[in-house]
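Working through the structure, step by step
Listed below, chain by chain, are the residues.
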Amino acid sequence: KKFLSLNWSGIELAILLRKRLEELTQSSTDRRKSPEERFNAILREYFKHIPIDITFTFNGRQYQMPLFMYVLRHTIWRPREVLLYYAQIITVSEDLRKKHGYEVTSEVIRRIVKDVTHDIINSEFINEFESTVTNIRDIILAFYKQNQTLSYETVSQIVQGLDFKFASGSQKCETINDKIEFLYRIGFLGVLADEQMFAQMHLQLRHAFHFNEGEAPIRGFGGVERELTGYRFLVHPMFSEYLEINTSQNELILQFSWQYLHEREVMLFASH
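What counts, and where the lines are drawn
- Residues numbered from 1 in each chain as written.
- Predicted model: local features only at pLDDT ≥ 70, side-chain atom pairs only at ≥ 80, totals over all residues.
- Heavy atoms only, no water.
- Helix = DSSP H or I, 4+ residues; strand = E, 2+ residues; numbered from the N terminus.
- Expected span 1.5 Å × (residues − 1).
- Bend = angle between axes of the 7 residues up to and from the residue.
- Buried < 20%, exposed > 50% of the residue type's maximum accessible area, 1.4 Å probe, protein only.
- Contact = heavy atoms within 4.5 Å.
- Pairing = 2+ DSSP bridges.
- Axes fitted to C-alpha atoms, helices over the stretch in contact; angles between N-to-C directions.
- Phe/Tyr/Trp six-rings, centres within 6.5 Å; stacked < 30°, edge-to-face > 60°.
- Parallel < 35°, antiparallel > 145°, perpendicular 65-115°, else oblique.
- Left-handed = near helix turned anticlockwise from the far one by under 90°.
- Nonpolar A, V, L, I, M, F, W, Y, C, P; charged D, E, K, R; others polar.

1. Notes on helix α5 (residues 106–129)
- The terminal C-alpha atoms of α5, which comprises 24 residues, lie 32 Å apart, in line with the 34 Å expected from a rise of 1.5 Å per residue.
- Maximal helix bending in α5 amounts to about 40°, located at Ile-120.
- Of the positions making up α5, those classed as buried are Ser-106, Ile-109, Ile-112, Val-113, Val-116, Thr-117, Ile-120, Ile-121, Glu-124, Phe-125, Ile-126 and Phe-129.
- If you follow the buried residues of α5, they end up packed against β1 (53–58), α3 (67–72), α4 (79–100) and α6 (136–141).

And the structure:
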């Protein structure tokens, strides 16, 4: 089987964005500092009107996280997505501040991210994967108004009648597990790991998607296909509003931190 692979780490994406901001501002940061310190340094120096951390409420609970992590959880960890979000955040924030005198609050940032997400799903996710599976739009629309956390049985019912129409014609995706594996590999579905899975698979986050936790939840370390019955799956949070996903019963999905990104970076280097 041939599937698309997403290979950028969170730290690499932060470094890429910081380099773009250095190019934009014609500045440089202290190379002795960590990626996090260098990234935050350029924001504090040249983009003081954009909050480094944002605060918001989800299902009655208040969350605070770095803006970069908030953006990252709306992506499948690809450079163009991160750059598109920050380009719009910078443009709109500067316009609001200079022309209208508005403070760039967490709510303003969340609205910008919300608007950009819809465009990214159509222009980046669907347009790209249509070249592999021509009816990818219909496939993801089959999850319309579903819960964000789904049982194996529910996912099976959704995908079993769907024909995954590969552009190549030679590739097949006929069994339920094949279809789930494909949706996992492209970042649409993730796995909600229980305590046993978390320990056995050496995961570092319970919300396991291909881009952040790799192959283990689906294929295992030896490449052996896992028995997926009993799994609980997650619809990627970037699709929450696009598909009117019911998020009222779950915790906030993909709560990244700098510590987590650094730990994943160590694991990636150790596995190569």
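Next comes the rest of the account.
2. Digging into unusual backbone geometry
- Even without being glycine, Gln-26 reaches a positive phi, approximately 55°.
- Position of Gln-26 among the secondary structure elements: in the loop between α1 (10–25) and α2 (35–46).
- At Glu-244, a position not held by glycine, the phi torsion is positive, near 50°.
- Its place among the elements puts Glu-244 in the loop between β6 (232–235) and α12 (258–270).

3. Some thoughts on the sheet that holds strand β5 (residues 207–208)
- Taken in spatial order, the four strands make up an open sheet running β3-β6-β4-β5, and their pairing is antiparallel. Edge positions in the sheet fall to β3 (149–151) and β5, since each of these pairs with one other strand and no more.
- Here β3 pairs with β6 via three bridges, running antiparallel. Looking at the pairing, Ser-151 lines up with Arg-232 of β6.
- Across the sheet, helix α7 (residues 152–159) touches β3, β4 (189–192) and β6, and the angle it forms with β3 is around 85°.
- On top of the sheet, helix α8 (residues 176–185) reaches β4, β5 and β6; it is set at about 100° to β4, its chief contact.

4. Concerning the packing of aromatic side chains
- Evaluation of the coordinates by the stated rule reveals 17 aromatic pairs.
- Taking 5.8 Å as the distance between ring centres and 20° as the angle between the ring planes, the aromatic pair formed by Phe-56 and Tyr-63 counts as stacked. Across this residue pair, the class does not change: Phe-56 and Tyr-63 are buried.
- Among the aromatic side chains, those forming a connected cluster through ring pairs are Trp-77, Phe-209, Phe-211, Phe-256 and Tyr-260.

5. A look at the packing of α1 against α4
- Where α1 meets α4, the closest approach of the two axes is 10 Å, and the angle between their N-to-C directions is 45°. In terms of their interaxial angle, α1 and α4 are classed as oblique. Like other packed secondary-structure pairs, α1 and α4 cross with a definite hand, here right-handed. Where α1 abuts α4, its residues Leu-13, Leu-16, Leu-17, Arg-20 and Leu-21 lie against Pro-79, Val-82, Leu-83, Tyr-86 and Ile-90.
- Counted by class, the contact of α1 with α4 contains nine nonpolar, no polar and one charged residues.

6. Quick notes on the environment of Asn-59
- On the secondary structure map, Asn-59 appears in the loop between β1 and β2 (61–66).
- Since its relative accessible area comes to 43%, Asn-59 is described here as partly exposed.
- A C-alpha to C-alpha distance of 6.3 Å links Asn-59 and Ser-248, two positions 189 residues apart in sequence.
- Excluding residues that lie within four positions of it along the chain, Asn-59 makes contacts with Thr-247, Ser-248, Gln-249 and Asn-250.

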